[in-house]
Amino acid sequence: MGDRYNIFSQMEHLQSKYIGTGHSDTTKWEWLTNQHRDTFSSLIGHYDMMNFVAVAENESKARVKFNMLEKLIQPCGPPPERQKINDKFHV
C-alpha cells in the first residue's frame, strides 16, 4: 500500500511541476495546446530543424521563427466555450 501512495504522490508532484504532463481534469483543447507549444518550441530550439522548415516553406529562417513564436500564443485557436450547468462550469 505504501508503494502505491508513493507512486501517486510522485505523479502529482510531476503534474504540478510540469504543465504538459496533464492531469485528470485536462481537456482535449489544453492537451493539444501543450503538444503544439512543445513542438514549436522544440523546432525553434533546434537550429537544423528550423533550417529544414525554412527550406520546406521557402521562407527565411527569421520569418519562420517569427511565425512559430506567434503560434505559441494560441496554437489551437481560442479556448472552447464553457457550458454553465447548475451554477457550475463544465467543458
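Residues numbered from 1 in each chain as written. Predicted model: local features only at pLDDT ≥ 70, side-chain atom pairs only at ≥ 80, totals over all residues. Heavy atoms only, no water.

### Let's talk about the overall build of the protein
The cut-off we apply is this: Each helix is a run of H or I in the DSSP string that is no shorter than four residues. Each strand is a run of E no shorter than two, and both are numbered from the N terminus. For every residue, the accessible area obtained with a 1.4 Å probe (protein chains only) is divided by the maximum for its type, and the residue is called buried under 20%, exposed over 50%, and partly exposed between those limits. Residues count as neighbours in contact if any of their non-hydrogen atoms are within 4.5 Å of one another. The method behind every accessible area is Shrake-Rupley, applied with a 1.4 Å probe, and residues are considered shielded solely by the protein chains displayed.
Per the secondary structure count, the protein includes 4 helices and 2 strands. Scanning the protein from its N terminus toward the C terminus, one meets helices and strands in the order α-α-α-α-β-β. Out of the 91 residues in the protein, the part that is buried amounts to 13%. If you take every contact in the protein between residues at least 6 apart in sequence, the share linking residues at least 24 apart comes to 46%. As displayed, the protein has an accessible area near 7800 Å², and 56% of this comes from carbon and sulfur atoms.

### Quick look at the packing of helix 2 (residues 28-45) against helix 3 (residues 47-57)
Two quantities define a packed helix pair, namely the angle between the helix axes and the distance between the axes. What counts, and what does not: Interaxial angle, 0 to 180 degrees, is taken between N-to-C directions of lines fitted to C-alpha atoms, where a helix line uses only the stretch in contact. Working definition: roughly parallel below 35 degrees, roughly antiparallel above 145 degrees, roughly perpendicular at 65 to 115 degrees, and oblique for all remaining angles. Three classes are used: nonpolar for Ala, Val, Leu, Ile, Met, Phe, Trp, Tyr, Cys and Pro, charged for Asp, Glu, Lys and Arg, and polar for all others, with Gly counted as polar.
Taken N-terminus to C-terminus, the directions of helix 2 and helix 3 make an angle of 100°; their axes are 5 Å apart at the nearest point. With respect to their mutual orientation, helix 2 and helix 3 come out roughly perpendicular. Residues Leu43, Ile44 and Gly45 of helix 2 pack against Tyr47, Met49, Met50 and Val53 of helix 3. Tallied by class, the residues present in the contact of helix 2 with helix 3 amount to 6 nonpolar, 1 polar and no charged.

### Comments concerning unusual backbone geometry
Residue Asn58 is not a glycine yet carries a positive backbone phi of 55°. Relative to the elements of secondary structure, Asn58 occurs in the loop between helix 3 and helix 4 (61-71). On the accessibility criterion, Asn58 (71% relative accessible area) is exposed.

### What to know about the packing of helix 3 against helix 4
In contact at an axis separation of 9 Å, helix 3 and helix 4 are set at 100° when each is read in the N-to-C sense. On the basis of their axis angle, the class for helix 3 and helix 4 is roughly perpendicular. In this structure, helix 3 contributes Tyr47, Met50, Asn51, Val53, Ala54 and Glu57 to the contact, and helix 4 contributes Lys61, Val64, Lys65 and Met68.

### Focus: the nonpolar core
Here is the rule: What is meant by a nonpolar core is a set of buried Ala, Val, Leu, Ile, Met, Phe, Trp, Tyr and Cys residues, joined one to another through side-chain atoms within 4.5 Å.
Counting 8 residues, the largest nonpolar core consists of Phe40, Leu43, Ile44, Met50, Val53, Ala54, Val64 and Met68. When residues of this core are traced back to their parent elements, those giving at least two are helix 2, helix 3 and helix 4. Ignoring any residue separated from it by four or fewer positions in sequence, one finds Val64 in contact with Met50, Val53, Ala54, Glu57 and Glu59.

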